[in-house]
Amino acid sequence: AVVSTQSTGGPSERRSVYLIHTQPTDMHLSSLESVGRALEQLEGIEGLEERLVRPLKEMVRTQFKFGALAHGTQAEARIVRKLEVKQGYKDLTVAPKLHDFDYDSF
């Protein structure tokens, strides 16, 4: 599931680390990230979100190693698709990938 950060205490300081999934907007997080952020704020445990998200981030890194590509958001996809349609691009079945994404530093 994808949860908006507006419901977890305001805009996200960073994009979701679940980059192999196309999020609705850059303000949405995975369920794990949302729970981690909420618990960190409610319980006052500094760094809890990062500790909970570490396995998710490692899973994404592993999938990058096997060829997965980082996705943009659905909002970004709509903009790209409109441009592609205007340019006559026909294959609109694949989610747009983040260009210029630094996989090595993720």
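Here the structure is shown first, and the text comes after it.
These numbers were taken from a predicted model, which means no experiment stands behind them.

Enquirer: Just checking my understanding: could you explain helix α2 (residues 48-65) for this structure?
Expert: Structurally, the α-helix is built with 3.6 residues per turn, so residues lying three or four positions apart point the same way. Between its first and last C-alpha atoms α2 spans 27 Å; for 18 residues at 1.5 Å apiece the expected length is 26 Å, and the two agree. The principal kink in α2, of about 40°, is found at arginine 54, preceding the proline proline 55 by one to four residues. When α2 is considered as a whole, its buried residues turn out to be Leu48, Glu49, Val53, Leu56, Val60 and Phe64. Against the buried residues of α2 lie β2 (28-30) and α1 (31-43). Just beyond α2, the residue with positive phi is glycine 67, at close to 105°.

Enquirer: Could you clarify how one ought to interpret the environment of leucine 19 in this entry?
Expert: Note that leucine 19 resides in the loop between β1 (2-4) and β2. For leucine 19, a relative accessible area of 9% puts it in the buried group. Taking the C-alpha atoms as reference points, leucine 19 and lysine 57, separated by 38 residues in sequence, lie 9.0 Å from one another.

Enquirer: Would you explain the nonpolar core in this entry?
Expert: The tendency in soluble globular proteins is for nonpolar side chains to be buried as a group. Of all hydrophobic cores here, the largest spans eight residues; its members are Val17, Leu19, Ile20, Val53, Leu56, Val60, Phe64 and Ala70. Beyond its immediate sequence surroundings of up to four residues, valine 53 is in contact with Val17, Leu32 and Glu33.

Enquirer: Please explain the pattern of salt bridges as it appears in this structure.
Expert: Two side chains that carry opposite charge are able to pair once their charged atoms sit near each other. Across all of its chains, the model carries two salt bridges by this definition. One salt bridge connects arginine 61 with glutamate 58, and the closest N-O pair in it is separated by 2.9 Å. In this pair, arginine 61 and glutamate 58 are both assigned in helix α2, three residues apart and thus about one turn of the helix distant. Classification of arginine 61 by relative accessible area gives partly exposed; the value is 29%. Given a relative accessible area of 37%, glutamate 58 falls into the partly exposed group.

What counts as what
- Residues numbered from 1 in each chain as written.
- Predicted model: local features only at pLDDT ≥ 70, side-chain atom pairs only at ≥ 80, totals over all residues.
- Heavy atoms only, no water.
- Helix = DSSP H or I, 4+ residues; strand = E, 2+ residues; numbered from the N terminus.
- Expected span 1.5 Å × (residues − 1).
- Bend = angle between axes of the 7 residues up to and from the residue.
- Buried < 20%, exposed > 50% of the residue type's maximum accessible area, 1.4 Å probe, protein only.
- Contact = heavy atoms within 4.5 Å.
- Core = buried A, V, L, I, M, F, W, Y, C linked by side-chain atoms within 4.5 Å.
- Salt bridge = Lys/Arg side-chain N within 4 Å of Asp/Glu carboxyl O.

All quantities given are derived from atomic positions and should not be read as evidence of function.
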